[in-house]
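Topology and contacts: notes
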Amino acid sequence: MSCVNIRGCCIGEGRPKVIIPIVEPTEAAILEKAAEFSTLRADCVEWRIDCFEGAKDFPTIVHCAAKLRVALKDQLLLFTFRTKAEGGKVALSHEEYLHFIRVVLATDCADLIDIEFFTAGAELPALIEEAHTAGAAVVCSSHDFHKTPPRTELVSRMMQMQRAGADLPKLAVMPQSRADVLELLAATAEMADRHPETPIITMSMGALGAVSRLSGEAFGSAMTFANPGQASAPGQVSLEVVNEVLDALHL
Ligand SMILES: O=C1C[C@@](O)(C(=O)O)C[C@@H](O)[C@@H]1O
């Protein structure tokens with residue numbers, strides 16, 4: 001299996017890489033969290049910009065990004081604007097979303113950038129190309145906070161993300177039954193077996209789906225989001241437990 005190598009961090013091989021989210025509203029709180037997170041056992045920090053009070057203030061985002069980059073030292077930095085349509089805090093028009101992606105890429109601070117599959121629409125391949133030109137890997141994401149689509153749809157969506165050039169296709173879906181959790185895990189294993197060259201990130205959300213956040217190495221999910229004290233989505237498991245279980249289940 002090949003990996004996405006970012007500053008020596010090999011995403012897609014061995015123990016899943018751990019991401020912890022910053023969901024603070026103010027720049028001071030964001031930077032305080034970054035200083036704290038830089039000492040924690042996590043491979044990547046996600047800045048959830050939609051949680052920031054300046055979420056649509058692009059010059060402030062640029063200013064904060066530079067400070068965040070320094071504060072996080074060697075940890076990878078993932079920039080995410082989770083739109084309201086995908087379960088986030090703030091609605092952006094299509095043009096605002098495209099502009100946000102380009103503003104973040106221009107900071108030269110992004111190791112990874114989240115680009116929403118449906119929000120990007122027809123511009124997805126071009127945005128991914130712009131991200132690669134700027135030296136950022138792309139997490140192409142899709143979320144369903146109400147249901148788990150059939151396995152065939154889950155695999156098809158990850159394949160479309162891969163064909164668009166995404167480095168890390170990502171699915172976050174909500175289970176309504178045990179069978180739904182199995183559906184997500186089966187789609188993960190199928191995609192990982194069919195396309196080992198493209199690491200994926202998948203999760204079945206909520207308490208019912210929590211096992212999917214801990215079993216990535218067995219089923220083929222290359223990264224997992226952990227709760228460092230304040231969760232950014234339903235079912236996130238504490239960082240301490242995630243690290244303990246990933247160590248225990250390491251193949
Ligand atoms: O999209 C994702 C995954 C996530 O929703 C989760 O379920 O852990 C958490 C979000 O912060 C992140 O952007």
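Residues numbered from 1 in each chain as written. Predicted model: local features only at pLDDT ≥ 70, side-chain atom pairs only at ≥ 80, totals over all residues. Heavy atoms only, no water.

Attention now moves to the pattern of salt bridges. Under the counting rule described, the total for this entry stands at 16 salt bridges. Here D114 makes a salt bridge to R82, at a shortest N to O gap of 2.8 Å. Placement of the pair is D114 in strand β6 (residues 112-116) and R82 in the loop between β5 (76-80) and α3 (94-107), with a sequence separation of 32 residues. A network of salt bridges, in which partner residues are shared, links R82, D114, E116 and K170. (Salt bridge = Lys/Arg side-chain N within 4 Å of Asp/Glu carboxyl O. Helix = DSSP H or I, 4+ residues; strand = E, 2+ residues; numbered from the N terminus.)

Residues annotated in UniProt with the feature "active site" (unreviewed entry) correspond here to H143 and K170. The greatest C-alpha distance among the residues just named is 8.5 Å, despite their covering 28 residues of sequence, which places them together in space. Among the annotated residues just listed, those lining the largest pocket are H143 and K170. The topology assignment puts H143 in strand β7 (residues 137-144). (UniProt positions renumbered as here; feature names shortened; annotations may be inferred. 1 Å grid on protein atoms, 1.4 Å probe; cavity = no way out; pocket = protein on both sides within 12 Å on 5 of 7 lines; lining within 4 Å.)

This part is about the packing of aromatic side chains. Going through the model one piece at a time under the given rule, you end up with 4 aromatic pairs. The rings of W47, F52 and F79 are connected pair by pair, giving a single aromatic cluster. (Phe/Tyr/Trp six-rings, centres within 6.5 Å; stacked < 30°, edge-to-face > 60°.)

Our next topic: the layout of surface pockets. By volume, the largest pocket is sized at about 270 Å³. Lining the largest pocket are 22 residues, and of these R48, F145, S232, A233 and Q236 sit closest to its centre. For the lining of the largest pocket, the secondary structure elements donating two or more residues are β4 (44-48) and β8 (168-173). Among the residues forming the lining of the largest pocket, the class breakdown is 9 nonpolar, 6 polar and 7 charged. (Points joined across faces, edges and corners; volume = space filled by probe spheres on them. Nonpolar A, V, L, I, M, F, W, Y, C, P; charged D, E, K, R; others polar.)

Of note, the phi angle at R7 is positive, near 50°, even though the residue is not glycine. Classification of R7 by relative accessible area gives partly exposed; the value is 48%. Notably, D108 is not glycine yet its phi reads approximately 65°, a positive angle. Assignment of secondary structure puts D108 in the loop between α3 and β6. By relative accessible area, which is 63% here, D108 ends up exposed. (Buried < 20%, exposed > 50% of the residue type's maximum accessible area, 1.4 Å probe, protein only.)

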